[in-house]
Amino acid sequence: MLDQRLVRQNPELVVEQLGRRGLKLDLTGLQLIAQQQRDLEEQLSNLQAEGNRVGKEVGQRISTGASPAGPEVKELRELGNRLKQQVAVLDEEEKSLSARLREQLLGLPNLPSALSPEGVSEADNIEVKRWGEPRIEMGLQEHGAIAERLGLLDTERSVRIAQSRFVTLLGQGARLERALISFMIDLHARKGYREVLPPILVNTASLTGSGQLPKFAEESFRCADDDLWLTPTAEVPLTALHRDEVIPAEQLPLRYVAFTPCFRREAGSYGRDTKGLIRLHQFHKVELYWFCHPQHSDAAHEQLTRDAESVLEALELPYRRIELCTGDLGFSAARTFDLEVWLAGAGTYREISSCSTCAEFQARRSAIRFKEGKGTQLLHTLNGSGLAIGRTMAALLEHGQQADGSVALPAALWSYFGAERLTAEA
RNA sequence: GGAGAGGUGGCCGAGUGGUCGAAGGCGCAGCACUGGAAAUGCUGUAUAGGGGCAACUCUAUCGAGGGUUCGAAUCCCUCCCUCUCCGCCA
């Protein structure tokens, strides 16, 4: 959420900055609401102050001997009643304005960071770096075919269990998924991330706090009888972990690593990536999350991204880092690096991690502040996948495929997986 | 699901209509004492939004919302949540 003071006092700046995302906005209506709300609040507090004075005076008069039913007290009581009526009217107006203001503010995306490159679409994203040697050979298979051949997963039966875009992992496939989860969590925990296993059903306030609501309700699965949704990413429960808290500055940064299943409706992607592990309603992800001091958030963003990259490097998977242009940024993000892993069979780089700083956007929605000396300030939140498990498996299968049909795994996984390669099951 | 208890500041905990943003304690910070520390003493210590260069000041907040009243942490209503016991259950 944007600062309503900024919208009130400098709407031109907001329009200009959101314009960098490709939005053409007219904020005059919103600014008017914000101003009216502010004015009303002032009138209201003046009236309330007067009412408080009257109330106190009645008490004083009575305690110094005036008759509670006497004329002077009666007069004050009538004055109090008149004030109360006026307050009631203003209060109602103020509440409805505040609600409208908040509703509209919640629908506005974050301002892009000054560091984010200008651009209108994916095509304007900037490749920052490449790591590793992509395998480019004729005849490499895509992961879906490899997985099927090795019996790692069953898509058809998953439709019976749930519906399309779900997958059931079997045998070595299930074991590899589990190995990857443990491997990634351990790797990050060694660097000082605190491991978290949060609820994966989250309430409306949590989804609003991280920015998925109110705008993206159609992307999440919702429970019919409760105020609960299936979380689309661990970013949601992790942001909510400290909602409405004031954290002492010396405790920052707080760094968490969480494994969760993630659930997304993938509305509007019919027909895309229908095979394999790339786009599913349920997928698994290890997520990195920082709560940090605003002064350190740019450095933290780089560190978080490096921590995500270190997983790919440990798994010996070639990747590139892309910096998103302003037009391609997600709703809550101020600046984002995507990591794209090389899919040797598909012959393409594919997003496997998205590392964003949200600056104070989520902190304001979630009321997460820190205390430094006197007074509190909003802190900054950052998140990044470290990594998406399914896509990691896909990359490993395609990268490690051998002429004999087996798949060689990187040494880092041997102890977790219990073998050095995947082979056809007897 | 049934029965009961309860939600007050960072924490514990008092407070059943009047000047209460709220006693006391703990914790924390500063100062004093000390060679240094412990102990002790003093002072300070919520959040949000306004106004003011500032000292400071106004408003709101005692789970949430509504009501009674000149005045509500305190009385009434509704809702939410937590805890205990029973049932069920991994």
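Residues numbered from 1 in each chain as written. Chains lettered and ligands numbered in written order. Predicted model: local features only at pLDDT ≥ 70, side-chain atom pairs only at ≥ 80, totals over all residues. Heavy atoms only, no water.

**Q** Would you mind going over the overall build of chain A in detail, with residue names and values included?
**A** Helix and strand counts for chain A come out as 13 helices and 17 strands. Projected onto the principal axes, the alpha-carbon positions of chain A cover approximately 105 × 45 × 40 Å. Taken across its 426 residues, chain A has 49% of its residues classed as buried. Contacts in chain A between residues at least 24 apart in sequence constitute 73% of all its contacts with a sequence separation of at least 6. For chain A, the accessible surface area stands at approximately 20,700 Å², while carbon and sulfur atoms represent 50% of it. Taking the average place of the 50 positive charges on the side chains of chain A and the average place of its 59 negative ones, the gap between the two points comes to 3 Å. (Helix = DSSP H or I, 4+ residues; strand = E, 2+ residues; numbered from the N terminus. Buried < 20%, exposed > 50% of the residue type's maximum accessible area, 1.4 Å probe, protein only. Contact = heavy atoms within 4.5 Å. Areas by Shrake-Rupley, 256 points an atom, 1.4 Å probe, with all protein chains shown as cover. Lys, Arg positive; Asp, Glu negative; His and termini not counted. Charge placed at Lys NZ, Arg CZ, Asp CG, Glu CD.)

**Q** Would you mind going over the environment of Arg 350 in detail, with residue names and values included?
**A** Positionally, Arg 350 belongs in strand β12 (residues 348-357). Since its relative accessible area comes to 24%, Arg 350 is described here as partly exposed. Distance in space between the C-alpha atoms of Arg 350 and Asp 338 is 9.5 Å, their sequence separation being 12 residues. Only 2.9 Å separates the side chain of Arg 350 from the side chain of Asp 273, close enough to count as a polar contact. (Polar contact = N/O pair within 3.5 Å; in protein donor to acceptor, adjacent residues only side chain to side chain.)

**Q** Quick one: what's the story with helix α2 (residues 11-19), residue by residue and with numbers?
**A** Those residues of α2 lying buried are Pro 11, Val 14, Gln 17 and Leu 18. Down the axis of α2, the buried set is contained in an arc of 130 degrees. They therefore lie on one face. For α2, the exposed residues lying more than 90 degrees away from the buried face are Glu 12 and Glu 16. Tucked into the core, α2 has its buried residues touching α1 (4-9) and α3 (28-63). (Arc of directions from axis to C-beta.)

**Q** How would you explain the nonpolar core if you had to name every residue and give the values?
**A** Counting 50 residues, the largest nonpolar core has Leu 176, Leu 180, Met 184, Leu 312, Leu 315, Leu 397 and Leu 422 as the members making the most contacts within it. Tallying contributions element by element places helix α7 (residues 172-190) first for this core, with eight residues. (Core = buried A, V, L, I, M, F, W, Y, C linked by side-chain atoms within 4.5 Å.)

**Q** Please set out the sheet that holds β12 residue by residue, giving values where relevant.
**A** Spatially, eight strands are ordered β1-β10-β11-β12-β15-β9-β8-β4 in an open sheet, and the strand pairing comes out mixed. Every other strand in the sheet has two partners, leaving β1 (126-131) and β4 (194-196) as the edge strands with one partner each. Taken pair by pair, the neighbouring strands of this sheet meet at an average axis angle of 25 degrees, ignoring direction. Of the strand pairs in this sheet, β4 and strand β8 (residues 254-263) are connected by three bridges, and their pairing is parallel. The residue bridging Glu 195 from the neighbouring strand is Val 257, located in β8. Contacting β1, β9 (282-292), β10 (319-323), β11 (335-343), β12 and β15 (380-388), helix α10 (residues 297-314) runs over the sheet at an angle of about 5 degrees to β15. The strands touched by helix α12 (residues 389-400) are β9, β11, β12 and β15; relative to β15, the strand with the most contacts, the crossing angle is about 40 degrees. (Pairing = 2+ DSSP bridges. Axes fitted to C-alpha atoms, helices over the stretch in contact; angles between N-to-C directions.)

**Q** How would you summarise the pairing of β9 if you had to cite specific residues and measurements?
**A** Taken across its 11 residues, β9 has 10 buried, putting it largely inside the fold. The pairing of β8 with β9 spans 10 bridges and is antiparallel. Each bridged residue has a counterpart across the sheet, and for Arg 255 the counterpart in β9 is Trp 290. Where β9 and β15 come together, seven bridges link them in antiparallel fashion. Its bridge partner being in β15, Cys 292 is matched across the sheet by His 380.

**Q** Run through the protein's contact with RNA strand B, naming residues and quoting values.
**A** As a matter of local geometry, RNA strand B sits amid 22 residues, with Gln 48, Gly 55, Arg 77, Lys 371 and Thr 376 nearest to it. Counting only the atoms of RNA strand B within 4 Å of the protein, the fraction contributed by sugar and phosphate is 73%. Here a phosphate oxygen of RNA strand B sits 3.2 Å away from a polar atom, N or O, in the side chain of Arg 8. At 2.5 Å from a phosphate oxygen of RNA strand B is found a side-chain nitrogen or oxygen belonging to Lys 371. Within the residue set of the surface near RNA strand B, elements represented by two or more residues are α1, α3, α4 (71-106) and β13 (368-371). Among the elements that line the surface near RNA strand B, the one with the most residues is α3, at 12 residues. (Near = heavy atom within 4 Å.)

**Q** How would you sum up the state of the cysteines? Please name residues and give values.
**A** Tallied over the full model, the rule gives zero disulfides. Cys 325 takes part in no disulfide bond, and the closest cysteine sulfur to it belongs to Cys 358, at a distance of 17 Å. According to the relative accessible area criterion, Cys 325 is buried, its value standing at 0%. The thiol of Cys 358 is not disulfide-bonded; the next cysteine sulfur, from Cys 292, is found 11 Å away. (Disulfide = S-S within 2.5 Å.)

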